[in-house]
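Chain residues, written in single-letter form:
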Amino acid sequence: MSGVFEVREYDAAGRRGELTVPRADVTVETPALLPVVNPHVQTVPPSQLESEFGAEILITNSYVLHGSEDLREPALEQGLHDLLGFSGAIMTDSGSFQLAEYGEITVTTEEILQFQHAIGSDIGTPVDIPTPPDVSHEQASEELATTQERLELAETVDTGEMLVTAPVQGSTHPDLRERAGREAASTSLDVFPIGAVVPLMNEYRFDDLVDVVTAAKRGLGEAAPVHLFGAGHPMMFALAVALGCDLFDSAAYALYARDGRYLTVRGTEHLEDLDYFPCSCPVCTDHTPADLRDLDDERECQRLLAEHNLYVSFEEMRTVRQAIRRGNLLELVEMRARGHPTMLDGYRTLLDYADQLERTDPVSKDAFFYLSSESARRPEVLRHHQRLSRLDPDGEILLTEGNHSDAYDDSWRLLPPFGPVPRELADAYPLAGELPERVDVQSYEAAAEGVRRLAADSDAELTVFHRDWPETALDALPADVTVEVLGSDQ
Ligand code: GUN
Ligand code: ZN
């Protein structure tokens, strides 16, 4: 890697950063959305993507240009920036997606990289093998070996200042995704797309997507700029960013518009089903759904839908960036997870990796908001529990949801979902967070886990005073802890 990516700040495994693209002489703020430009059927011109939507980078398919009778020569003569009318960074894909769709393509990695370089691409891509989900370990492993050979070949092609991507494959096998990530990161290549996840997203398999991305990230490490190939639906940006993805390409804005689909951060709507536009972008303030349906010119309707889709997509990316700044990205993920049950599965799976997310999560952020029972499994709660395991108090300690008592050597608050709160930490992040009055079972159970962590390897005699904890939480307390229910005056 040529050190082109710098992380500015983290939230969970999500980060804001800067990707320097030397050939374009630009620095792209990440997380970033790359609109997919199809030079043959582009409804929103790249100049507009730049001026109106603020796109700093876009992606187009060099294989399509390579095989195009009318555009191949102009691309070679004018260069992509001139041809498309875009002054930011341009990334090119290689035709691997076409390989996955149609079974074969007619270029090699060497040819397509040289072509990408010749048309002035700023970030090129070799011909990786997009192994689909659910294939055998053997097939995924064999195809991964081929992808790895292509990456090693790509290292030897003279592509000047152009950055080159190293796609990470491995199907739905986490061990292969992790190995692929490690091998890709050990090449001299520059940007690391996680590939062949489009089928997972099309089938709303966000739980499997989280398993795949976390595995790839373990292999890639923190220094690698990570692209999630084909992830263009704004409902999943927060989730994918929280996992540590930095770049996203959206063909969805245009493809969905083509069949009357309207993107929102909660999912997809059909223009036919809408009476109102729940959005304040220029398209949605100037038109009603009926106006769009009544347009005689179908292309005009598509263009307007594509523009709306771009507005919500870029807006969501700014929302995600701001959430990282504020340190409430997981709260955004938690809200977006309410848009669709499969997104909730994705978020719940992400929380299975709380320890992986905790490693880069800042120790102090804006107030912790408990928003649903899933919050009990957030990395911040896990970190507090890990701290408790490292404490080694002694004497008789009261852990109480009520008043403190002098009858013990020490008396600490007991605060679901965190559990025991040592006095010196009471005002520190995340314990001074915003918690609901009505505590759910998962929060009590997490608090019991905190008590268990404190009790393990400690000589202290612990007493728990609780307000009517549920049986499942009480059962999770260690056997040698004294337990009493608080009266209303305590
Ligand atoms: N576009 C969507 N998925 C992929 C992939 O796995 N590889 C490449 N090169 N492009 C893609
Ligand atoms: Zn709109």
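The structure we're discussing is the one just above.
Heads up: these notes are all about the structure in this document. Since we're looking at a predicted model, the values are computed, not measured.

Conventions adopted
Residues numbered from 1 in each chain as written. Chains lettered and ligands numbered in written order. Predicted model: local features only at pLDDT ≥ 70, side-chain atom pairs only at ≥ 80, totals over all residues. Heavy atoms only, no water. Near = heavy atom within 4 Å. Polar contact = N/O pair within 3.5 Å; in protein donor to acceptor, adjacent residues only side chain to side chain. Areas by Shrake-Rupley, 256 points an atom, 1.4 Å probe, with all protein chains shown as cover. Nonpolar A, V, L, I, M, F, W, Y, C, P; charged D, E, K, R; others polar. Donors = N, O, S within 2.8 Å, 3.2 Å for Na, K, Ca; no water. Tetrahedral: all angles 85-135°; square planar, octahedral: opposite > 155°, others 65-115°. Buried < 20%, exposed > 50% of the residue type's maximum accessible area, 1.4 Å probe, protein only. Helix = DSSP H or I, 4+ residues; strand = E, 2+ residues; numbered from the N terminus. Expected span 1.5 Å × (residues − 1). Contact = heavy atoms within 4.5 Å.

Before going further, it helps to examine the site of ligand 1. Near ligand 1, the surroundings consist of D93, S94, S96, F97, T125, D128, P130, Q169, G195, A196 and F229. D93 is positioned with one of its side-chain polar atoms (N or O) 2.6 Å from a nitrogen atom of ligand 1. A distance of 2.9 Å separates an oxygen atom of ligand 1 from a polar atom in the side chain of Q169. In isolation ligand 1 exposes 280 Å². Once the protein is present, 96% of that is buried. Among the residues making up the shell around ligand 1, the classes are represented as 4 nonpolar, 5 polar and 2 charged.

With that out of the way, let us pick up the coordination of the zinc ion (ligand 2). Listed as protein donors to the zinc ion (ligand 2) are C279 (SG), C281 (SG), C284 (SG) and H308 (ND1); their distances from the metal cover 2.1 to 2.3 Å. Each of the 4 donor atoms bound to the zinc ion (ligand 2) contributes to angles spanning 100 to 117°, and the resulting shape is tetrahedral. Looking at C279, the relative accessible area reads 16%, which means it is buried. Residue H308 is classed as buried on the basis of its relative accessible area of 1%.

Another aspect to go through is helix α19 (residues 379-390). In a regular helix each residue adds 1.5 Å, so 12 residues correspond to 16 Å; α19 covers 17 Å between its end C-alpha atoms and thus fits that length. The elements touched by buried residues of α19 are α16 (329-336), α17 (341-352), α18 (354-358), β16 (419-421) and α20 (441-455).

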